[in-house]
Amino acid sequence: MNRVFAVLCLLVGVSGCSSDSVSFSIDNPTDAAISVNIDGTPHEIKPHAAKDLSLRAGLHTMESPTTGALKFLVYAKGRGGLINPTFSPYVTINEVYATNKTTAKAFRPGEKTIEIDGVAFKGPFVLSDELFIDKAWTYGVHEDFPETIRVGMDSKGNINSKLFSKDAFIRYVESGEGQVGSFARNRKATPPPQRHFPPVTPLPTFKDAELEAKAAPLKDLCTRYQQATTADAQTALQKSYMPLVTEFLGVFARRASQVSIEDRETYNALILRVGNTLGQSVRVME
């Protein structure tokens, strides 16, 4: 799925909101209206529609027939994203925009195989059905991929992404591949989406006692960040993150030749886990 773009200079303007306010969109991909109560305010979402809202950093409440009653924590400076109270599947597609077919070959978005209702799709796709889906797309559910984009004069191409609801994803892929109706013919009966949240698991532990001791400050930061309920506390921990990671990286590098394969894997898992924690916009606190 390659596209072309016009080679023009682009002047990027920056606009923003307060750093402790994060933008979200409550989406309803179903055929029936839904109601979601956030912080005591009801939000009615029509079928195949969405409602934008901004939430301050800190603790919030949510209740709906599909989510039940829960608390969630919004993080300052978060990317925001989609609130998915129906736990429906959404797919992000990464599209290559290039000046021609030759330059398009230089852009290779990673491919994955995802499965929807028992039907497999392989391509530059990312599937998610979480209650909160962090923004990782250029164009939202109710926006279209543009036919062209504007970039700098020296650019040969770019990769842009769009978030699709399940039905829109099926239509888009089938239309592009000339296989309209294939999903309907091959799909399997599946139960409706159910309430679920990411499992809470302990941080990985090093076998090497010295590495474990050196990792303690980074682990402590991660634990405190998960419980930080004010923008000031969150921002302070965000500022502490990079110095702690850099310090631990130095410790690990100096001991690299002596570290076991298992502890190398633990190191990678810990750095990824802490980075993901500090990068999330929301955490559900049941």
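Quick note: structure is the one above.
What comes next is a walk through the structure. Since the structure is predicted, the reported quantities are computational estimates derived from the model, not experimental observations.

### Considering the nonpolar core
Counting 23 residues, the largest nonpolar core has Phe206, Leu211, Tyr241, Phe248, Leu270, Val274 and Leu278 as the members making the most contacts within it. Looking at this core, the elements that each hand over two or more residues are helix 4 (209-227), helix 5 (231-254) and helix 6 (261-279). With 20 residues, the next largest nonpolar core counts Ile45, Leu53, Phe72 and Val74 among its residues.

### Brief notes about helix 4
If you check helix 4, its first and last C-alpha atoms are 27 Å apart, about what 19 residues at 1.5 Å a residue would give, namely 27 Å. At Ala216, helix 4 shows its largest kink, close to 40 degrees, and the proline Pro217 lies no more than four residues downstream. Residues of helix 4 that are buried: Leu211, Ala215, Leu218, Lys219, Leu221, Cys222 and Tyr225. Its buried side turned inward, helix 4 meets helix 5 and helix 6.

### Side note on the environment of His43
Residue placement: His43 occurs in strand 5 (residues 41-45). Look at His43 and you get buried, because its relative accessible area is 9%. A C-alpha to C-alpha distance of 9.9 Å links His43 and Ser64, two positions 21 residues apart in sequence. There is a polar contact of 3.0 Å between the side chain of His43 and the side chain of Lys51.

### Quick word on the sheet that holds strand 5
Here five strands make up an open sheet; going across it, the order is 5-4-7-8-17 and the pairing antiparallel. Each edge of the open sheet is held by one strand with a lone partner, namely strand 5 and strand 17 (282-285). Ignoring which end each strand starts from, the neighbouring axes of this sheet average 30 degrees apart. Here strand 7 (residues 58-64) runs beside strand 8 (residues 68-74); their pairing, made up of seven bridges, is antiparallel. In the sheet register, Glu63 faces strand 8, and the bridge partner there is Ala69.

### Re the pattern of salt bridges
Per the stated rule, a full pass over the model turns up seven salt bridges. Measuring nitrogen to oxygen at the nearest pair gives 2.4 Å for the salt bridge that ties Arg187 to Asp117. Taken as a pair, Arg187 in the loop between helix 3 (182-186) and helix 4 and Asp117 in the loop between strand 11 (112-116) and strand 12 (119-123) lie far apart in primary sequence, 70 residues in all. A relative accessible area of 13% places Asp117 in the buried class. For the salt bridge of Glu212 with Lys219, the shortest nitrogen-to-oxygen distance reads 2.7 Å.

### Observations regarding the side chain of Glu174
You can see Glu174 is positioned in helix 2 (residues 166-177). Of the side chains with opposite charge, Arg185 comes closest to the buried, unpaired Glu174, at an N-O distance of 6.6 Å.

### A short note on the pairing of strand 12
The side-chain alternation of strand 12 yields one buried face, formed by Val119, Phe121 and Gly123, and one unburied face, formed by Ala120 and Lys122. By the bridge criterion, five bridges tie strand 11 to strand 12 in an arrangement that is antiparallel. When the bridges of strand 12 are listed, Glu115 appears paired with Ala120. Joining the antiparallel neighbours strand 11 and strand 12 is a turn of two residues, in which Asp117 adopts a positive phi near 50 degrees.

### Structural notes on the sheet that holds strand 3 (residues 21-28)
The four strands lie next to each other as 6-3-9-14, forming an open sheet whose pairing is mixed. Since the sheet does not close on itself, it has two edges, and those belong to strand 6 (49-56) and strand 14 (132-134), each with one partner. Strand-to-strand twist in this sheet, taken as the mean axis angle between neighbours without regard to direction, amounts to 25 degrees. As paired elements, strand 3 and strand 6 share eight bridges and run antiparallel to each other.

### Details of helix 5
In this model, helix 5 (24 residues) spans 36 Å end to end at C-alpha, consistent with the 34 Å of a helix rising 1.5 Å per residue. Approximately 30 degrees is the largest bend angle found in helix 5, and it occurs at Tyr241, with the proline Pro243 only one to four residues beyond. Listed in full, the buried residues belonging to helix 5 are Ala231, Gln234, Thr235, Leu237, Tyr241, Val245, Phe248, Val251 and Phe252. Lining the buried residues of helix 5 we find strand 7, strand 8, helix 4 and helix 6.

### Details of the environment of Gly279
Here Gly279 is to be found in helix 6. Sequence separation between Gly279 and Tyr75 is 204 residues; the distance between their C-alpha atoms is 8.9 Å. If we skip the residues at most four places from it in the chain, Gly279 touches Arg79 and Asp134.

Criteria and cut-off values
- Residues numbered from 1 in each chain as written.
- Predicted model: local features only at pLDDT ≥ 70, side-chain atom pairs only at ≥ 80, totals over all residues.
- Heavy atoms only, no water.
- Core = buried A, V, L, I, M, F, W, Y, C linked by side-chain atoms within 4.5 Å.
- Buried < 20%, exposed > 50% of the residue type's maximum accessible area, 1.4 Å probe, protein only.
- Helix = DSSP H or I, 4+ residues; strand = E, 2+ residues; numbered from the N terminus.
- Expected span 1.5 Å × (residues − 1).
- Bend = angle between axes of the 7 residues up to and from the residue.
- Contact = heavy atoms within 4.5 Å.
- Polar contact = N/O pair within 3.5 Å; in protein donor to acceptor, adjacent residues only side chain to side chain.
- Pairing = 2+ DSSP bridges.
- Axes fitted to C-alpha atoms, helices over the stretch in contact; angles between N-to-C directions.
- Salt bridge = Lys/Arg side-chain N within 4 Å of Asp/Glu carboxyl O.
- Lys, Arg positive; Asp, Glu negative; His and termini not counted.

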